[in-house]
Amino acid sequence: MQTNVVTINKLVAENEAVTNQWLRLLADHGLDFFARLSADGVFVEASAGLPLLLGCSPEYLAGLRLRDVVDGEDAAVLEQALTRLGSVPGARERVIVRMIKLVTQTAWMELRLIRDSHENAGGVLIAGCDITEVKQREDDLIHAAAHDPLTGVPNRALLAERIEQVLAQARRSGGGFAVAVVDLDGFKRINDSLGHAVGDALLRQAAGRIKTQLRGDDTVGRIGGDEFALVLPGIASPEQVDVIARRLVESMQLPFLVAGHTLFASMSMGFALHPVHAVAAESLMRCADMALYRAKDLGRNRWQLFSENLAATRSRHLELERAMFEAVRNGEFRLHYQPIARTDGTVIGAEALMRWPNVAGAAVPPTEFIPIAEANGLINLLGEWALRTACMQAVRWDSEGLEGLSVSVNVSPRQFRHDHFVNHVRQALAESSLTPSRLTLEITEGVLMHSPEQALAVLGTLRRLGVHIAIDDFGTGYSSLSYLKRFPLSSLKIDRSFVRDMLHSPNDLIIVSAVLGLARELGLQVVAEGVEEERQLELLREKGCPMVQGFYIGRPVRAEDFGSAVSANPAHPGEPR
Ligand code: C2E
Ligand code: CA
Ligand code: CA
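In this report, the structure presented in the accompanying data block is examined.

The rules behind the values
Residues numbered from 1 in each chain as written. Chains lettered and ligands numbered in written order. Predicted model: local features only at pLDDT ≥ 70, side-chain atom pairs only at ≥ 80, totals over all residues. Heavy atoms only, no water. Helix = DSSP H or I, 4+ residues; strand = E, 2+ residues; numbered from the N terminus. Polar contact = N/O pair within 3.5 Å; in protein donor to acceptor, adjacent residues only side chain to side chain. Donors = N, O, S within 2.8 Å, 3.2 Å for Na, K, Ca; no water. Buried < 20%, exposed > 50% of the residue type's maximum accessible area, 1.4 Å probe, protein only. Near = heavy atom within 4 Å. Nonpolar A, V, L, I, M, F, W, Y, C, P; charged D, E, K, R; others polar. Expected span 1.5 Å × (residues − 1). Arc of directions from axis to C-beta. Salt bridge = Lys/Arg side-chain N within 4 Å of Asp/Glu carboxyl O.

Some thoughts on the environment of His274
Here's step 1: When you line up the elements, His274 lands in strand E11 (residues 267-274).
Here's step 2: In this structure, the C-alpha to C-alpha distance between His274 and Pro556, residues 282 residues apart in sequence, is 48 Å.
Here's step 3: Here the side chain of His274 touches Ala278 through a polar contact of 3.4 Å, landing on its backbone oxygen.

So this is what it looks like as structure tokens:
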């Protein structure tokens with residue numbers, strides 16, 4: 001068979017000088033093949049290496065043009081290199097293209113192009129080298145530099161690039177898109193208690209679950225320990241945010257199985273929209289971050305879309321936080337006391353309620369500063385102070401003629417979980433010499449549900465000390481009475497929303513009656529909170545509620561005003577007004 005494509009062996013016989021030169025070149029430069037093209041770009045010669053690399057026969061190459069075996073995607077690159085090469089014999093160019101291998105694959109080749117001598121005017125000599133492996137290593141390196149090694153998703157740098165891309169697209173099209181910051185709730189706890197290997201595996205699985213909820217042009221990247229960020233080109237309205245956010249939240253509902261542990265991990269998310277909330281990448285991320293904070297404040301396992309309002313809240317939050325550290329140092333916090341009475345009006349105790357009288361003249365309500373103190377840990381200091389102060393106060397009242405009052409102190413979840421909490425209680429009792437049974441600690445149901453085993457141990461110790469435990473805001477949380485049976489509790493405080501509405505809403509009255517009935521069954525005391533008027537007191541008395549608290553009995557007042565507040569109480573026995 002006649003062919004103008006020859007192997008290198010044949011060439012040796014025909015043109016020793018040229019071939020030797022090429023062989024030296026191949027060897028010296030670690031090249032894999034050479035070839036010669038005619039003026040119209042058709043192969044006239046090739047060394048055996050080329051058909052070998054392309055997985056074809058030498059005959060197959062005969063009559064083909066170089067551009068026939070170069071991948072279409074690199075056609076332009078090749079044409080440009082050939083143009084640059086010019087027509088002067090000996091001129092050189094270098095080009096990297098993909099060549100078609102086994103019809104369906106490609107191999108990366110580095111080609112040196114040399115304008116051939118006068119005899120082959122317009123022809124080209126090619127010395128080539130397969131660089132597929134080098135290229136692969138390079139790609140791996142580029143990938144590694146741009147991706148998180150643990151989860152394999154893009155890292156912060158690549159994510160930033162991705163946002164810029166989407167941003168540029170959005171500017172061109174005038175369309176919008178969303179970014180989100182995602183935080184795994186409770187990750188630190190899992191990582192600390194079960195170890196980093198488990199934490200790592202959880203992160204990997206969580207990243208995988210997030211990915212399954214996204215579309216092709218969406219991006220998820222890891223931007224911190226347990227923080228991910230999403231770039232969502234198709235999401236431009238609050239309604240669309242709701243849809244994807246709901247899907248993401250739901251994707252976390254099934255437990256994660258990691259190294260024999262069944263773990264539940266929810267996530268909190270903050271979203272921001274371009275161009276509604278911000279137009280620059282950095283400010284968009286900041287907006288999403290603020291929204292995330294809000295979502296976490298609201299109790300996690302939820303999402304929040306950014307709003308201007310939220311930005312104002314956040315800056316007030318930061319300002320309060322700064323002022324709070326000052327205030328703790330300067331001892332600006334105070335305790336007020338609100339009477340707790342039997343339904344016949346006899347005051348038997350007081351709840352200590354924290355007050356922060358003055359930030360630029362205006363009092364900050366505890367509903368605002370307690371969550372901040374809870375978030376930054378100051379609650380431990382403040383809570384310990386409240387405990388000591390309240391115990392001392394009860395003893396001081398004894399000496400002022402208000403004898404035997406019990407005192408209730410609110411304990412926040414973080415404080416309750418603190419290692420030294422039980423010791424703080426012991427110290428407060430020891431310092432004040434208050435009889436332990438006159439101290440009630442008010443905790444919320446969430447504390448019990450969060451980590452029941454720890455709660456059971458702590459409550460057991462407190463109970464043995466003789467301290468009483470009340471469940472605050474009862475009815476607003478999980479309210480699983482069978483669950484509550486497991487814990488050594490003394491009383492339930494019916495949340496004031498039920499008391500407020502029970503005169504008008506049959507449902508609320510049913511709840512109040514049910515709590516009273518069940519508490520009786522479980523041998524628990526009940527305090528109805530938020531009693532504001534006589535009719536409420538009467539109804540509670542009728543239903544057999546043993547104890548009440550609320551503005552009708554008395555508002556929270558300073559310790560020194562407590563005595564007069566008690567005797568002014570309209571329900572006070574023998575002293576009707
Ligand atoms: P809480 O423990 O449920 O306290 C009762 C809240 O209801 C108090 O609000 C009290 O002033 C208010 N209140 C009492 N009777 C009535 C009434 O008849 N009508 C109405 N509308 N409200 C009534 P306050 O003092 O603003 O405290 C709010 C929350 O802040 C407390 O709710 C408690 O969760 C938290 N808190 C207050 N002091 C402390 C503290 O020392 N430590 C901790 N961890 N939390 C505290
Ligand atoms: Ca309380
Ligand atoms: Ca309460």
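That covers the picture; the talk isn't over yet.
A look at the coordination of the calcium ion (ligand 2)
Here's step 1: Here the calcium ion (ligand 2) is held by the protein donor atoms Glu351 (OE), Asn410 (OD1), Glu442 (OE) and Asp472 (OD), which lie 2.1 to 2.3 Å from it.
Here's step 2: Going along the chain, you hit the donors of the calcium ion (ligand 2) in the pattern E-x58-N-x31-E-x29-D.
Here's step 3: Between the calcium ion (ligand 2) and the calcium ion (ligand 3), a separation of 4.0 Å is found, and both are coordinated by Asp472. Remark: Asp472 occurs in strand E18 (residues 468-474) and Asn410 occurs in strand E16 (residues 406-410); sequence separation between them is 62 residues.
Here's step 4: Judged by its relative accessible area of 29%, Asn410 falls in the partly exposed class.

Some points on the site of ligand 1
Here's step 1: In the neighbourhood of ligand 1, 20 residues make up the surrounding shell, with Arg355, Asp472, Arg496, Glu532 and Phe551 lying closest.
Here's step 2: Residue Gln338 places a side-chain N or O atom 2.9 Å away from a nitrogen atom belonging to ligand 1.
Here's step 3: A distance of 3.0 Å separates an oxygen atom of ligand 1 from a polar side-chain atom of Asn410.
Here's step 4: Of all the secondary-structure elements, those providing two or more residues to the shell around ligand 1 are strand E14 (347-359), helix H13 (366-376) and E18.
Here's step 5: In terms of residue count, E14 provides more of the shell around ligand 1 than any other element does, four residues in total.
Here's step 6: The residue inventory of the shell around ligand 1, partitioned by class, reads seven nonpolar, six polar and seven charged.

Points about helix H12 (residues 308-329)
Here's step 1: Helix length check: H12, at 22 residues, gives a terminal C-alpha distance of 32 Å against a target of 32 Å (1.5 Å per residue), a fit within 8%.
Here's step 2: For H12, the complete set of buried residues consists of Leu310, Arg314, His317, Leu320, Glu321, Met324 and Ala327. All buried residues of H12 lie within an arc of 145° about the axis, which places them on one face of the element. Residues of H12 that are exposed and point more than 90 degrees away from the buried face comprise Glu308, Arg322 and Arg329.
Here's step 3: Looking one or two residues beyond H12, the residue adopting positive phi is Gly331, at roughly 65°.

As for the pattern of salt bridges
Here's step 1: Scanning the entire structure with this criterion turns up 26 salt bridges.
Here's step 2: When the shortest N-O distance is used, the salt bridge between Lys135 and Glu138 registers 3.9 Å. One end of the pair is Lys135 and the other is Glu138, both in helix H6 (residues 132-146) and three residues apart, which spans about a single turn.
Here's step 3: We classify Glu138 as partly exposed; its relative accessible area is 38%.
Here's step 4: Among the ionic pairs, Asp183 bridges to Lys296, the shortest N-O distance being 3.3 Å. Residue Asp183 is found in strand E6 (residues 177-184), and its partner Lys296 is found in helix H11 (residues 281-297); the two are separated by 113 residues along the sequence.
Here's step 5: For Asp183, a relative accessible area of 6% gives the class buried.

Notes on unusual backbone geometry
With glycine set apart, most residues show a phi of negative sign, and most peptide bonds adopt trans.
Here's step 1: With omega at 0°, the peptide bond leading from His274 into Pro275 counts as cis.
Here's step 2: Considering the arrangement of structural elements, one finds Pro275 in the loop between E11 and H11.
Here's step 3: Phi at Val103 takes a positive value of approximately 65°, unusual for a residue other than glycine.
Here's step 4: Assignment of secondary structure puts Val103 in the loop between strand E3 (92-101) and strand E4 (105-115).

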